[in-house]
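# Observations on the three-dimensional arrangement
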Amino acid sequence: ASARIGVTGLAVMGRNLARNFARNGFTVALHNRTEARTRELVDAFGHEGDFVPTGSARECVAALRRPRCLVVMVKAGEPTDDVLQEFAALLEPGDILVDGGNAHFEDTRRREAALREHGIHFVGTGISGGEEGALLGPSIMPGGSDASYEALGPLLERIAARAPDGAPCTAHMGPDGAGHFVKMVHNGIEYADMQLIAEAYDLLRKVAGLAPAEIAEVFRRWNQGRLDSYLIEITAQVLTHTDAETGRPFVDVVADRAEQKGTGRWTVQTALDLGVPVPGIAEAVFARSVSGHADLRAASRHLAGPGARALGGDAAAAFTDRVEQALYASKIVSYTQGFHEIAAGSGKYGWNIDLGRVAAIWRGGCIIRAAFLDRITRAYAAQPGLPSLLTDKGFATEIAAAQDDWRAVVATAATQGVPAPGFASALAYYDSLRAERLPAALTQGQRDYFGAHTYRRTDRDGVFHTLWAGDRTEAEG
Ligand code: NDP
């Protein structure tokens, strides 16, 4: 047995992860259900490092040094369960099985509990960065036992992306499902980030009257400042691109229907179960859904409303600056919501997730990598029990400075009939948290009226009910 680590499932992700391990000096045992893939990998990339190709699960396990570490990179869902079962039967107590697929954290919790019975450490890990990240350095979010991280951590730290300060973009997130939970919320935040950028683009196009290539320039400029991030950078690239066939801007020939694979939806579903408000992420998921309803959109096209009038000139330039403020403020709000969800999940499942560290390992390799994440790490370092990122002094000050422009952008979007659900919802969330009184008092009154659901009072403890159908006196329950 000579391999330090094994990888089973050698489609794009598994193949690239295996190569990444090998390029970093680890001997890697290879296995795939269809053996041809294993041979292809060795033929094409065998020169990159030490690979041990194997033809069966048994052979693969025999090739691994103890404690054995095996990464499973197969299709999420049932295939993952099948493969885990097959390998678990061949492993021994103390061995480590890693699922790097996009599993739901509840599945990871279930699998971890089942494998723990056999003394096998199960590590559900989020891996972000797609194909390229897997090869060149992803952001890795492992869950599982402390002991599993002791053995596996040093390998992951070698293959992970590096943050600008050189730190590896991986850390132990917490027990069982913690890693996949963090990865899920990462994707939810990614949805929100993308939606906000899309709204900024739409407003620059329709209200400021800029062409895609001009908007690309704006994004390039923004990428030099506090919005510096991978998504802003690639937005400029996409907007610069011209369709070879028609000579038109690429963004004008792509069908305007956004698809999704489900992790954004999981983030929202889980938030609903946890009772955590994540309206920004929900708006992003729903915006994709609205875009996909072609029939509904076609049937609604004649509905009344203003068409946007392009500003042009100095007014366009001033509006562009306002949109930057709105985008930044809304971005702070979506991260606030995402981190609230991680904190709530961590509390419910006893994961003890270090929120500042989550932000730190997202600085490289993953889709939402951004200069901004350093600020989040600092905010949690300064105040570990921070109830909400919005209450961090630095963020609060920036939002205070941005809010006039943010409000103006949301108002303009509304009066000009340009949908901006992300910007508007972020502002409503901010104003809701700021409000001295919310109309929830009236909601409670209605609930008490029709369903005797009772209410609390502002001036004394206890639970009350008004006899609405009778003499409207108040009873204490
Ligand atoms: P796929 O999700 O397309 O899965 C293909 C791999 O799964 C092949 O190796 C295939 O083997 C194997 N497989 C499928 N069914 C079975 C089965 N019943 N038994 C054994 N093996 C099976 O591959 P990807 O590389 O795209 O993704 C791997 C995992 O990584 C997935 O869970 C995915 O969600 C996750 N992921 C993907 C990312 C991406 O950008 N693609 C990013 C991050 C995570 P065979 O060759 O024999 O068909």
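The structure presented is a predicted model; accordingly, all values stated were derived computationally and were not measured.

Calculation notes
Residues numbered from 1 in each chain as written. Predicted model: local features only at pLDDT ≥ 70, side-chain atom pairs only at ≥ 80, totals over all residues. Heavy atoms only, no water. Helix = DSSP H or I, 4+ residues; strand = E, 2+ residues; numbered from the N terminus. Rg over C-alpha atoms; globule rule 2.2 N^0.38 Å. Buried < 20%, exposed > 50% of the residue type's maximum accessible area, 1.4 Å probe, protein only. Contact = heavy atoms within 4.5 Å. Areas by Shrake-Rupley, 256 points an atom, 1.4 Å probe, with all protein chains shown as cover. Near = heavy atom within 4 Å. Polar contact = N/O pair within 3.5 Å; in protein donor to acceptor, adjacent residues only side chain to side chain. Nonpolar A, V, L, I, M, F, W, Y, C, P; charged D, E, K, R; others polar. Core = buried A, V, L, I, M, F, W, Y, C linked by side-chain atoms within 4.5 Å. UniProt positions renumbered as here; feature names shortened; annotations may be inferred. Axes fitted to C-alpha atoms, helices over the stretch in contact; angles between N-to-C directions. Parallel < 35°, antiparallel > 145°, perpendicular 65-115°, else oblique. Left-handed = near helix turned anticlockwise from the far one by under 90°. Salt bridge = Lys/Arg side-chain N within 4 Å of Asp/Glu carboxyl O. Pairing = 2+ DSSP bridges. Phe/Tyr/Trp six-rings, centres within 6.5 Å; stacked < 30°, edge-to-face > 60°. Lys NZ or Arg CZ within 6 Å of the ring centre and 35° of its normal.

With that settled, consider the overall build of the chain. Within the chain one finds 20 helices and 9 strands. A compact globule built from 477 residues should have a C-alpha radius of gyration of about 23 Å, and the chain, at 25 Å, falls within 12% of that. Dimensions along the principal axes, computed over C-alpha positions, put the chain at roughly 80 × 70 × 45 Å. Taking all 477 residues of the chain together, 48% fall into the buried category. A separation threshold of at least 6 residues defines the contact pool for the chain, and within that pool the share at least 24 residues apart is 66%. When the accessible surface of the chain is totalled, it reaches about 22,300 Å², and 51% of it is carbon and sulfur.

Near the ligand, the surroundings consist of 19 residues, among which M13, N32, R33, T34 and R37 are the closest. Within the side chain of T34, an N or O atom sits 2.5 Å from an oxygen atom of the ligand. Between the ligand and the protein, one listed contact pairs an oxygen atom with a side-chain N or O atom of R37 at 2.5 Å. In isolation the ligand exposes 890 Å². Once the protein is present, 77% of that is buried. Counting only elements with at least two residues in the shell around the ligand, the list comes to α1 (12-23) and α4 (78-88). A breakdown of the residues in the shell around the ligand according to their chemical character gives 10 nonpolar, 6 polar and 3 charged.

In terms of nonpolar packing, the biggest core is built from 87 residues, with F219, F339, W362, I376, W406 and F423 touching the most fellow members. Residue contributions to this core peak at 14 residues, all from helix α8 (residues 178-206).

Bringing the UniProt feature "binding site: substrate" (unreviewed entry) in the chain into the picture now. The UniProt feature table records "binding site: substrate" (unreviewed entry) at N102, S128, G129, G130, H186, N187, Y191, K261, R288, R447 and H453. These annotated residues cover 352 residues of sequence, and their C-alpha atoms reach 48.8 Å apart at the extreme, placing them across more than a single site. The contact partners of H186, leaving out residues within four places of it in the chain, are S128, W362, C366, I367 and I368. Inspection of the secondary structure assignment puts Y191 in helix α8. Setting aside residues up to four positions removed in sequence, Y191 forms contacts with Q260, K261, G262, T263, G264, A284, V285 and R288.

Before going further, it helps to examine the packing of helix α15 (residues 313-349) against helix α18 (residues 393-416). Their axes nearest at 7 Å, the elements α15 and α18 cross at an angle of 120 degrees. Judged on the interaxial angle alone, α18 and α15 are oblique. For the crossing formed where α15 meets α18, the hand is left-handed. Contact residues: α15 offers F319, R322, V323, Q325, A326, Y328, A329, S330, I332 and V333, while α18 offers F395, E398, I399, A402, D405, W406, A408, V409 and T412. Taken together, the residues of the contact of α15 with α18 break down into 13 nonpolar, 3 polar and 3 charged.

Quick look at the pattern of salt bridges now. Pairing is possible between side chains of opposite charge, provided their charged atoms come close. Summed over all chains, the structure comprises 27 salt bridges. The shortest N-O distance in the salt bridge between R109 and D176 comes to 3.2 Å. Linking R109 in helix α5 (residues 105-116) with D176 in the loop between α7 (146-159) and α8, this pair joins segments that are 67 residues apart in sequence. Taking the relative accessible area as the measure of exposure, D176 reaches 12% and is therefore buried. Between K331 and D193 there is a salt bridge, with the nearest N and O atoms lying 3.4 Å from each other. You can see K331 sitting in helix α15 and its partner D193 sitting in helix α8, a full 138 residues away along the chain. For the pair shown, K331 and D193 are each scored as buried. Through salt bridges with shared partners, a single ionic network connects D81, D99, D107, R110 and R111.

Within a sheet, adjacent strands bond to each other through the backbone by hydrogen bonds, running parallel or antiparallel. If you walk across this open sheet you meet the 7 strands as β3-β2-β1-β4-β5-β6-β7, and the pairing is mixed. The outermost strands of the open sheet, each flanked by one partner alone, are β3 (51-53) and β7 (139-142). Adjacent strand axes in the sheet meet at a mean angle of 25 degrees when their direction is disregarded. Running over the sheet, α5 touches β5 (96-99) and β6 (121-128) and is turned about 155 degrees from β6.

Once that is clear, we can look at unusual backbone geometry. That bond from R66 to P67 is cis: its omega, -10 degrees, falls within 30 degrees of zero. Turning to its location among the elements, P67 is positioned in the loop between α3 (57-62) and β4 (69-72). For A452, which is not glycine, the phi torsion reads 50 degrees and is therefore positive. For A452, the position within the fold is in the loop between α20 (440-451) and β8 (464-466). The partly exposed category is assigned to A452, whose relative accessible area is 43%. With phi around 65 degrees, R472 is a residue other than glycine that occupies positive phi space. When you line up the elements, R472 lands in the loop between β8 and β9 (474-476).

With that settled, consider the packing of aromatic side chains. Throughout the structure, instances matching the rule amount to 15 aromatic pairs. Ring centres of F372 and F395 lie 5.6 Å apart, and the angle between their planes is 45 degrees; on these two criteria the pair is classed as tilted. Of this pair, F372 sits in the loop between α16 (355-361) and α17 (373-382) while F395 sits in helix α18, and the two are 23 residues apart along the sequence. The burial state of F372 is the same as that of F395; both residues are buried. Following the ring pairs from residue to residue traces out a cluster consisting of F105, F181, Y349 and W351. The ring of Y230 carries R369 above its face, with NZ or CZ at 4.1 Å from the centroid. Lying across the ring of F464, R457 places its NZ or CZ 5.9 Å from the centre.

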